[in-house]
Amino acid sequence: LVSVSGAPTLQPPLVFDKKKPIPLKLFTPKIVEVLDYGKKRGSPKQERERERLKHKYKKEFKGALREIRKDTKFLAREKLTEIMSRDLERKRKVKELFGSLATQEGEWKAMKRRKK
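So, here is what we can say about the structure in this document. These figures come from a predicted structure and were not determined experimentally. Think of each chain on its own: its residues are numbered from 1, step by step along the sequence as written. Only residues with pLDDT of at least 70 are given local features in this predicted model, and only at 80 or more are side-chain atom pairs given and counted; all residues enter the totals for whole chains, interfaces and linings. Think of the side-chain values as coming from all heavy atoms in the structure, minus any hydrogens and water.

1. Observations concerning the overall build of the protein chain
Piece 1. What the protein chain contains, in helices and strands, is one helix and zero strands.
Piece 2. Each residue is assigned to one of three classes by its accessible area relative to the maximum for its type, calculated with a 1.4 Å probe on protein chains only: buried under 20%, partly exposed between the two thresholds, exposed over 50%. Among the 116 residues that make up the protein chain, the fraction classed as buried is 0%. Helical segments are the DSSP runs of H or I of at least four residues, strand segments are the runs of E of at least two, and each set is numbered from the N terminus.

2. Points about the pattern of salt bridges
Piece 1. By definition here, a salt bridge exists when the distance from a side-chain nitrogen of Lys or Arg to a carboxyl oxygen of Asp or Glu is within 4 Å. Counted under the stated rule, the structure contains eight salt bridges.
Piece 2. Its salt-bridge partner being Glu 47, residue Arg 50 comes within 3.3 Å of it at the nearest N-O pair. Within this pair, Arg 50 and its partner Glu 47 are both found in helix α1 (residues 44-115), separated by three residues, close to a single helical turn.
Piece 3. Each of Glu 89, Arg 92 and Glu 96 takes part in salt bridges that share partners, so that together they form one network.

3. Concerning a nonpolar patch on the surface
Piece 1. The patch calculation keeps residues exceeding 30% relative accessible area without a salt bridge and links them within 9 Å when they carry like charges or within 5 Å when they are nonpolar (Val, Leu, Ile, Met, Phe, Trp, Tyr). In these tables, accessible area is a Shrake-Rupley quantity obtained with a 1.4 Å probe, and a residue counts as shielded only by the protein chains included in the view. Taken together, the side chains of Tyr 57, Phe 61, Leu 65 and Ile 68 make up a nonpolar region of the molecular surface, amounting to roughly 420 Å² of accessible area.
Piece 2. Checked against the element boundaries, Tyr 57 lands in helix α1.

Rendered as structure tokens:
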């Protein structure tokens with residue numbers, strides 16, 4: 001082997017390996033076997049029944065949610081009224097105590113003045 005400059009070379013020339021060409025992707029239709037030949041699965045009567053039951057279920061579910069919301073609202077209101085009544089009772093007792101303490105203090109001061 002001789003190079004361009006005329007000097008002999010020891011290495012053989014590079015040669016590409018032969019590869020099979022990559023085939024183009026062809027879009028072949030997927031064939032599905034049809035078993036019913038135009039017949040619908042299930043009778044229309046069953047379909048109507050199923051739809052009716054589904055509708056009924058949704059309606060019942062919404063009603064149940066509404067009832068639960070109503071119940072929780074009622075319970076919260078009852079709890080709030082109970083807390084408010086307890087607070088009022090406590091305020092009344094505290095006011096009563098302060099009133100009795102004020103009368104006692106008044107009586108004490110009056111007794112002090114009498115002793116002098």
